[in-house]
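Secondary and tertiary structure notes
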Amino acid sequence: MSAIAVRGALWFRGFLDRAAQERLVDEIRAVVAAAPLFAPVTRRGQPLSVRMTSAGRCGWVSDRKGYRYEPRHPDGMPWPPLPPTVAAAWEALSGWPAPPDCCLVNWYDPGARMGLHQDRDEADFSAPVLSLSLGDTGVFRIGAEARGGRTDRIDLASGDALLLTGPSRLAHHGIARILPGTSTLLPAPGRINLTCRVVG
Ligand code: MD6
Ligand code: FE
């Protein structure tokens, strides 16, 4: 499948068809049943507006001790295995010879957003990060590796995949807002984003 390059990131529009999206929603329901969504806070105790959980060997957590990968959920259970649809998407798109260590699951209510950030809690930046989006469209902004400056807009719709690879791996990026009512996939307005990482 062909990709659109934006700032070096590869955007695969409609990578997952409707049947695959529905299958993936069921797989995410099973992940959330085993490892419930939790409300992360920053080191200063400010809540992030997304709720999150993870699948895979480790999960990303943020609390008063800071940001890091952990082998267990904050409630103590191990993270559930990587969903098969996620593993297949990684194999198809990543170009990386091994499966990802972490699939971070972010849930966005219609008012939630994600400030501009870099994904840099991983040991090896030569491995890409793959994102999959489900539900309402998210307005994604991507800029340069350096802070500040212009950003470009990518509307991440349900079924889209985005690969941050090569020079875009450390690009600043975030979600400015969710566009409610843009998808019929989920029973309630909102968005799910999955990001797969090699943690090292
Ligand atoms: C989101 N995505 O789409 C937020 N990070 O909700 C990310 O933060 C992200 O899309 C690394 C690579 C791809 C991404
Ligand atoms: Fe990110």
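Quick caveat: nothing in here was measured; it's all calculated off a predicted structure.

**Remarks on the site of ligand 1**
Taken together, 13 residues sit near ligand 1, with Tyr-108, His-117, Asp-119, His-173 and Arg-191 positioned nearest. Contact distances for ligand 1 include 3.2 Å between an oxygen atom and a side-chain N or O atom of Ser-131. Between ligand 1 and Arg-191, the relevant distance is 2.7 Å, taken from an oxygen atom to a side-chain nitrogen or oxygen of the residue. Here ligand 1 has 350 Å² of accessible area as a free molecule, and 98% of this is covered by the chains. Given that more than half its atoms are within 2 Å of the pocket grid, ligand 1 belongs to the largest pocket. Secondary-structure elements contributing two or more residues to the shell around ligand 1 are strand S8 (129-135), strand S12 (173-179) and strand S13 (191-197). Sort the elements by how many residues they give to the shell around ligand 1 and S13 lands first, with three residues. The residue inventory of the shell around ligand 1, partitioned by class, reads six nonpolar, five polar and two charged.

**Observations regarding the side chain of Ser-62**
Structurally, Ser-62 is set in strand S4 (residues 59-63). Among the polar contacts made by the side chain of Ser-62, one reaches the main-chain carbonyl oxygen of Val-41 at a distance of 2.8 Å. Non-local contacts of Ser-62, meaning those with residues more than four positions away in its chain, are made with Pro-40, Val-41, Thr-42 and Tyr-67.

**Let's talk about the packing of aromatic side chains**
Under the definition given, this model contains one aromatic pair. Just above the ring of Tyr-108 sits the side chain of Arg-191; from NZ or CZ to the centre is 5.0 Å.

**Some words on the pairing of S12**
Alignment of strand S7 (residues 114-117) against S12, held across two bridges, turns out to be antiparallel. When the sheet's bridge partners are listed, Met-114 is paired in S12 with Ile-175. Pairing geometry for strand S9 (residues 137-142) and S12, over six bridges, is antiparallel. By the bridge assignment, Ile-142 is partnered in S12 with His-173.

**Quick notes on the confidence of the model for the protein chain**
Taken residue by residue, the protein chain gives an average pLDDT of 97. The fraction at 70 or more is 100%. Mean pLDDT across the elements of the protein chain ranges from a minimum in strand S5 (residues 66-70), with 95, to a maximum in S8, with 99.

**What about the sheet that holds strand S10 (residues 152-156)?**
Strands sit in the order S7-S12-S9-S10 across an open sheet of four strands; the sheet is antiparallel. Each edge of the open sheet carries a strand with a single partner, namely S7 and S10. On average, adjacent strands in this sheet sit at an angle of 25 degrees to one another, irrespective of strand direction.

**Observations concerning the coordination of the iron ion (ligand 2)**
Ideal geometry at a metal centre gives angles of 109.5 degrees when four donors are arranged tetrahedrally and 90 or 180 degrees when six donors are arranged octahedrally. Coordination of the iron ion (ligand 2) by the protein involves His-117 (NE2), Asp-119 (OD) and His-173 (NE2), with metal-donor separations of 2.1 to 2.2 Å. Site description for the iron ion (ligand 2): donor spacing in sequence, H-x1-D-x53-H.

**Points about the pattern of salt bridges**
Applying the stated criterion across every chain yields a total of 10 salt bridges. Across the pair Arg-150 and Asp-152 runs a salt bridge, and its minimum N-O distance is 3.0 Å. Take Arg-150: its relative accessible area is 58%, and that puts it in the exposed class. Arg-153 serves as the salt-bridge partner of Asp-155, at 2.6 Å between the closest nitrogen and oxygen. Overall, Asp-155 belongs to the partly exposed group, its relative accessible area being 26%. Salt bridges linked by common partners bring Asp-119, Glu-122, Arg-169 and Arg-197 together as one network.

**Comments concerning the layout of surface pockets**
Counted as a void, the largest pocket has a volume near 690 Å³. The wall of the largest pocket is formed by 35 residues, among which Met-114, Gly-115, His-117, Gln-118 and Asp-119 lie closest to the centre. Secondary-structure elements contributing two or more residues to the lining of the largest pocket are strand S6 (102-108), S7, S8, strand S11 (161-164), S12 and S13. The biggest single contributor to the lining of the largest pocket is S13, with four residues. For the second largest pocket, the calculated volume is near 240 Å³.

Here is what the cut-offs are and how they apply
- Residues numbered from 1 in each chain as written.
- Chains lettered and ligands numbered in written order.
- Predicted model: local features only at pLDDT ≥ 70, side-chain atom pairs only at ≥ 80, totals over all residues.
- Heavy atoms only, no water.
- Near = heavy atom within 4 Å.
- Polar contact = N/O pair within 3.5 Å; in protein donor to acceptor, adjacent residues only side chain to side chain.
- Areas by Shrake-Rupley, 256 points an atom, 1.4 Å probe, with all protein chains shown as cover.
- 1 Å grid on protein atoms, 1.4 Å probe; cavity = no way out; pocket = protein on both sides within 12 Å on 5 of 7 lines; lining within 4 Å.
- Sits in = over half its atoms within 2 Å of the grid points.
- Helix = DSSP H or I, 4+ residues; strand = E, 2+ residues; numbered from the N terminus.
- Nonpolar A, V, L, I, M, F, W, Y, C, P; charged D, E, K, R; others polar.
- Contact = heavy atoms within 4.5 Å.
- Phe/Tyr/Trp six-rings, centres within 6.5 Å; stacked < 30°, edge-to-face > 60°.
- Lys NZ or Arg CZ within 6 Å of the ring centre and 35° of its normal.
- Pairing = 2+ DSSP bridges.
- pLDDT = per-residue confidence, 0-100.
- Axes fitted to C-alpha atoms, helices over the stretch in contact; angles between N-to-C directions.
- Donors = N, O, S within 2.8 Å, 3.2 Å for Na, K, Ca; no water.
- Salt bridge = Lys/Arg side-chain N within 4 Å of Asp/Glu carboxyl O.
- Buried < 20%, exposed > 50% of the residue type's maximum accessible area, 1.4 Å probe, protein only.
- Points joined across faces, edges and corners; volume = space filled by probe spheres on them.

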